[in-house]
Amino acid sequence: MSRRWTPRRARRWLPGLLLVSPSIVAIGLFVYGLIFWNTRVAVSGRHDEITPYGFDKGRNFVDLWDEPSWPPAVRHALLFTAVFVGGALLLGAFLAFLMEKGVRAEAGFRAIYLFPMAISFIASGVVWRWLMNPAPPERAVGLNQFFGRIGLDALANDWWQHQRWGMAAMALPAIWQMSGYVMALYLAGFRAVPEELREAARVDGASEWKVYRHVVIPQLRPVTLSALIILGHISLKVFDLIMAIAGKQIITYVPAIATYVEVFDSHDPANGATIATYLLLAVALLVIPYLVWSVRADRRDRA
């Protein structure tokens with residue numbers, strides 16, 4: 001029997017459709033529509049503001065690697081990502097471990113650790129630009145001045161202006177800002193582990209270290225994966241923090257900065273769209289496997 005449209009059936013699904021239709025239209029237009037338009041520009045030959053779009057058969061994606069500033073931008077992004085993601089995961093897990101052990105005024109400490117996340121990268125970048133000022137000792141401010149006053153002059157350095165490790169220093173503000181969020185994720189994961197599992201391991205003679213190693217930490221793999229995906233996509237498209245601290249300097253050049261420079265300074269829409277497409281693909285390499293894993297895990301749980 002064919003299912004025909006009737007007013008009674010329409011009353012079941014039509015209100016819900018009307019409720020979500022503005023979101024569907026907005027997402028379709030401002031997310032997928034703009035992704036389509038960006039891809040169209042990326043495969044065009046529009047390297048100035050007057051040339052027709054045309055079609056360049058994807059040459060932009062190959063020619064971009066011949067640009068002198070592009071390979072260093074990729075290296076900077078990878079270094080920033082490694083230090084930022086690794087540092088935020090380790091610091092967040094350590095803070096969560098301390099909180100999980102039970103401390104007085106826990107709610108206050110949680111608020112303090114989470115507060116940096118409420119600050120924009122622009123605001124924290126302005127503050128950290130002063131803290132990581134690379135001025136020499138006689139004109140030092142921020143951390144270099146602090147190290148000098150406590151007799152640790154050897155710790156004073158060039159920070160984000162270091163030729164090789166500048167991007168590692170650039171990750172410090174991001175670690176400070178996001179480690180509280182990672183702490184909250186891990187703290188929820190710690191407390192989701194049933195106490196019965198821990199007690200069973202202790203009854204079997206396991207030390208506290210082995211309880212965490214063989215019982216608790218394996219239960220935190222989904223939390224670690226979620227945090228890794230979130231931090232990874234933030235680091236790959238970081239823009240405002242670097243602009244606030246270093247501006248458009250080649251020493252801290254990353255793909256997001258390169259996109260801005262190509263579009264607004266060099267007036268090259270095709271190159272800017274090509275870089276943006278590379279960023280989209282990099283984020284997709286992180287997010288899509290995570291979504292597939294989440295769907296499969298959900299199906300296994302239901303089964």
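That block above? That's the structure.
Residues numbered from 1 in each chain as written. Predicted model: local features only at pLDDT ≥ 70, side-chain atom pairs only at ≥ 80, totals over all residues. Heavy atoms only, no water.

## A look at helix H9 (residues 208-219)
Then comes step 1: For H9, spanning 12 residues, the distance from its first C-alpha to its last is 16 Å, which sits close to the expected 16 Å at 1.5 Å a residue.
Then comes step 2: Residues of H9 that are buried: Val211, Tyr212, Val215 and Val216. End-on, the buried residues of H9 take up no more than an arc of 125°, which puts them together on one face. Facing away from the buried surface of H9 by more than 90 degrees, the exposed residues are Trp209 and His214.
Then comes step 3: Each element contacted by the buried residues of H9 is listed here: helix H3 (70-100), helix H7 (166-192) and helix H8 (195-203). (Helix = DSSP H or I, 4+ residues; strand = E, 2+ residues; numbered from the N terminus. Expected span 1.5 Å × (residues − 1). Buried < 20%, exposed > 50% of the residue type's maximum accessible area, 1.4 Å probe, protein only. Arc of directions from axis to C-beta. Contact = heavy atoms within 4.5 Å.)

## Quick notes on a nonpolar patch on the surface
Then comes step 1: Together, Ile27, Leu29, Phe30, Val31, Tyr32, Leu34, Ile35 and Leu280 line one region of the surface with nonpolar side chains, adding up to about 760 Å² of accessible area.
Then comes step 2: Residue position: Leu34 is located in helix H1 (residues 7-42).
Then comes step 3: Taking the relative accessible area as the measure of exposure, Leu34 reaches 48% and is therefore partly exposed. (Patch = residues over 30% accessible without salt bridge, like charges linked within 9 Å, V, L, I, M, F, W, Y side chains within 5 Å. Areas by Shrake-Rupley, 256 points an atom, 1.4 Å probe, with all protein chains shown as cover. Salt bridge = Lys/Arg side-chain N within 4 Å of Asp/Glu carboxyl O.)

## Considering the side chain of Glu100
Then comes step 1: Here Glu100 lies in helix H3.
Then comes step 2: Taking the relative accessible area as the measure of exposure, Glu100 reaches 16% and is therefore buried.
Then comes step 3: A polar contact is formed between the side chain of Glu100 and the side chain of Arg198, at a distance of 2.8 Å.
Then comes step 4: Every residue in contact with Glu100, bar those within four places of it in the chain, is listed here: Leu187, Phe190, Arg191, Arg198 and Tyr212. (Polar contact = N/O pair within 3.5 Å; in protein donor to acceptor, adjacent residues only side chain to side chain.)

## With respect to the pattern of salt bridges
Then comes step 1: Enumeration according to the criterion identifies 5 salt bridges in this entry.
Then comes step 2: A salt bridge links Glu208 to Arg202; the nearest nitrogen and oxygen atoms lie 3.0 Å apart.
Then comes step 3: Judged by relative accessible area, which is 34%, Glu208 ranks as partly exposed.
Then comes step 4: Sharing partners across several salt bridges, the network here consists of Glu195, Glu199, Arg202 and Glu208.

## A word on the nonpolar core
Then comes step 1: Judged by nonpolar contacts, the single largest core of 52 residues is most densely connected at Phe80, Phe84, Met170, Tyr186 and Leu231.
Then comes step 2: With 12 residues, the single largest contributor to this core is H7.
Then comes step 3: Excluding residues within four positions of it along the chain, Phe84 makes contact with Ala171, Ala174, Ile175, Met178, Leu231, Ile234 and Ser235.
Then comes step 4: Of all hydrophobic cores here, the second largest spans 5 residues; its members include Val41, Ala42, Val43 and Phe61. (Core = buried A, V, L, I, M, F, W, Y, C linked by side-chain atoms within 4.5 Å.)

Everything listed here is a matter of coordinates, which is why it stays silent on function.
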